[in-house]
Amino acid sequence: MTLFRTIKTIIVLLLVLSPKNTFSQSKNKFVIILDAGHGGKDPGNSYHGFVEKEIALKTALKLEKFLKKDSDIEVVHTRKSDVFIELVDRPKKANSMDANLFVSIHCNSVSNPIPFGTETFVMGLTRSKGNLEIAKQENSVILLEKNYKQTYKGFDPKNPTTLIGLKMLQEDYLERSIQLASKIESNFKHKLNRKSRGIKQSPLWVLDAAYMPSVLIELGFLSNNKEGLYLNSNAGQEAMAGAIASAIISYKKEYFGNGYSSKNDKASSNKTSGKEISESSASAKDKKNASGHKSKCANVIFKVQFAAGNQNIKLVPSNFKGLKNVSVRTNNGNFYKYAYGETDDYNQSKKDLKEVKSKGYASAYIIAFKDGKNVSVEEALK
């Protein structure tokens, strides 16, 4: 395996095991990386005078304008002009900023001029499973580092059971990516009346190398003259950018609420028995209301979710870094969400969150249930 793969896997493990995320820079913003495909000497697909690199960039710049209407969002581009960016540097920028989403924009083409429609890609299942195997094989390099036991908080590269956190992280990213992709394709189909070719899973390196929910959007086929004309037009790019922005903002609100106060409160998409769990950091008004009611909410329970994956793990402290009061929820036995604690006191749940993060679960966050039904923390505090 390559040195980069080794370094990549170590970084992922640091994200999972380190109590403090060392890459976080924009702690008070929801950071989105917009990656306009190709550029410079790499034009991408080119048919009928339509050039992929140009359409991708123009759409990405228009998308930024829509997203910046939300003051909690920070947009970062991998490129803002016609320059060539190496593939390795695109997800690297996202990882260095500990971004919340990575969105790559492209255009399709085939030799047949008939096919048309949008597609949104997410990381392939083979990649998700492969990351775990890579970690098992390559992480022995950690043993060459000084004080590796302290640095990696007890992680043993020789013991595959300590890689549970990595496995859950990869699966959770995939789950969230699919949720975002679904929103994007739904907007294309229902808001713009574009033909949706659906969500695809593929081992695309640029998605696999991003340590966050990631999607690659194919806006349409430049080889189809009618679709190419639409995507090459200012109106078409505005419409497509608006649909993508609406999906991203919906994703953010659904899982983080209307406010965003901490980059370390990353939420995973949670689908349990068809009901969605939304998480947000409380706004100043919510916090005031909570303190005014002694932070306790009638018929509301708070927990701290800290892991998710398709593995059903025995609920014993040794499997969760010593955490004792752990519960699990499942979606028809296909996906499991692990949470710590249970309290009707929001302030206590914040203490529980600190405890969980001190164990190394840096992406843990608070969830809420009202009368046994999943609700956002924002709604619970109201």
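Residues numbered from 1 in each chain as written. Predicted model: local features only at pLDDT ≥ 70, side-chain atom pairs only at ≥ 80, totals over all residues. Heavy atoms only, no water.

1. Observations concerning the overall build of the chain
Applicable threshold: The numbering of helices and of strands both runs from the N terminus, where a helix is a DSSP run of H or I of at least 4 residues and a strand a run of E of at least 2. In what follows, a contact means two residues having at least one pair of non-hydrogen atoms within 4.5 Å. All accessibility values rest on the Shrake-Rupley procedure with a 1.4 Å probe; residue burial counts only the protein chains present in the view.
Summing up its helical and strand segments, the chain has twelve helices and 15 strands in all. Within the chain, counting contacts between residues at least 6 apart in sequence, those at least 24 apart form 78% of the total. Here the chain displays about 16,700 Å² of accessible surface, and carbon together with sulfur accounts for 51% of that area.

2. Quick look at unusual backbone geometry
Negative phi characterises most residues that are not glycine, and trans characterises most peptide bonds. Of note in this structure, histidine 38 is not a glycine but carries a positive phi near 65 degrees. Summarising the element assignment, histidine 38 is placed in the loop between β1 (30–36) and β2 (46–47). The backbone of asparagine 193 shows a phi angle near 60 degrees, a positive value even though the residue is not glycine.

3. Points about the environment of serine 109
Spelled out, the test is: Note on exposure labels: buried denotes an accessible area under 20% of the residue type's maximum, exposed denotes more than 50%, and partly exposed covers the range between, all computed with a 1.4 Å probe on protein chains only. Pairs of N or O atoms are called polar contacts if they sit within 3.5 Å, as long as, within protein, a hydrogen donor faces a hydrogen acceptor (for residues adjacent in sequence, only side-chain-to-side-chain pairs).
As for its position among the elements, serine 109 is in the loop between β5 (101–108) and β6 (118–123). A relative accessible area of 15% places serine 109 in the buried class. Note: C-alpha distance between serine 109 and phenylalanine 221 (112 residues apart in sequence) is 4.8 Å. Once residues lying within four places of it in the same chain are set aside, the contact partners of serine 109 are Asn45, Tyr47, Phe221 and Ser223. Of note is the side chain of serine 109, whose polar atom sits 2.8 Å from the side chain of asparagine 45.

4. Remarks on the pattern of salt bridges
Here is the rule: Just to be clear on terms, a salt bridge is a Lys or Arg side-chain nitrogen sitting within 4 Å of an Asp or Glu carboxyl oxygen.
Overall, the coordinates contain ten salt bridges when judged by the stated rule. Note that arginine 197 is salt-bridged to glutamate 119, the shortest N-O span being 2.9 Å. In this pair, arginine 197 is assigned in strand β7 (residues 196–202) and glutamate 119 in strand β6, connecting sequence segments 78 residues apart. Residue class for arginine 197 comes out partly exposed when judged on its relative accessible area of 32%. It is possible to trace a salt-bridge network through shared partners that takes in Asp70, Asp72 and Lys252.

5. Some words on the sheet that holds β6
How we decide: A strand pair is defined by DSSP finding two or more bridges across the two strands. Only the stretch in contact is used when a helix axis is fitted, and all axes are lines through C-alpha atoms; the angle between N-to-C directions ranges over 0 to 180 degrees.
Sheet architecture is open: six strands sit in the order β4-β1-β5-β8-β6-β7, paired in mixed fashion. Each of the sheet's edge strands pairs with one partner strand only, and the pair in question is β4 (73–77) and β7. Looking at each pair of strands side by side, their axes are set apart by 20 degrees on average, direction ignored. Two elements, β1 and β5, share five bridges in a ladder whose sense is parallel. Paired with leucine 34 across the bridge in β5 is valine 103.

6. Focus: the packing of aromatic side chains
As a reminder of what qualifies: Under the pairing criterion, centres of Phe, Tyr and Trp rings, with the six-membered ring standing for Trp, must be within 6.5 Å; the plane angle then separates stacked pairs below 30 degrees from edge-to-face pairs above 60, leaving the rest tilted. Charge-over-ring contacts are defined here by two conditions on Lys NZ or Arg CZ: a distance within 6 Å of the ring centre and an angle within 35 degrees of the ring normal.
Per the counting criterion, the structure on display carries three aromatic pairs. Centre to centre, the rings of phenylalanine 306 and phenylalanine 320 are 5.7 Å apart; their planes meet at 85 degrees, and the pair counts as edge-to-face. Here phenylalanine 320 lies in the loop between β11 (300–309) and β12 (326–330) and phenylalanine 306 lies in strand β11, a separation of 14 residues in the sequence. We note that phenylalanine 306, like phenylalanine 320, is buried. Centroid distance phenylalanine 320 to tyrosine 338: 5.3 Å. Interplanar angle 40 degrees. Geometry classified as tilted. Note that phenylalanine 320 is positioned in the loop between β11 and β12 and tyrosine 338 in strand β13 (residues 336–343), a separation of 18 residues in sequence. For phenylalanine 320, a relative accessible area of 2% puts it in the buried group. Classification of tyrosine 338 by relative accessible area gives buried; the value is 0%. Connected via pairs of aromatic rings, a cluster forms that spans Phe306, Phe320 and Tyr338. Note that arginine 194 overlies the ring of tyrosine 230, its terminal NZ or CZ placed 3.8 Å from the centroid. Above the ring of phenylalanine 116, the side-chain terminus of lysine 195 is found at 4.9 Å from the ring centroid.

7. Some details on the nonpolar core
This is how the line gets drawn: By nonpolar core is meant a set of buried Ala, Val, Leu, Ile, Met, Phe, Trp, Tyr and Cys residues that side-chain atoms within 4.5 Å join together.
Ranked by size, the top nonpolar core spans 38 residues in total, and within it Ile32, Leu67 and Leu219 carry the most contacts. Listing elements by their share of this core, those giving two or more residues are β1, α2 (52–67), β4, β5, β6, α6 (164–190), β8 (214–221) and α9 (234–256). Looking at which element gives the most residues to this core, the answer is α9, with nine residues. Ignoring any residue separated from it by four or fewer positions in sequence, one finds leucine 67 in contact with Ile32, Leu34, Ile73, Val75, Ala245, Ile248 and Ile249. By size, the runner-up hydrophobic cluster in this structure holds 23 residues, among which are Tyr336, Leu353, Tyr361 and Ala364.

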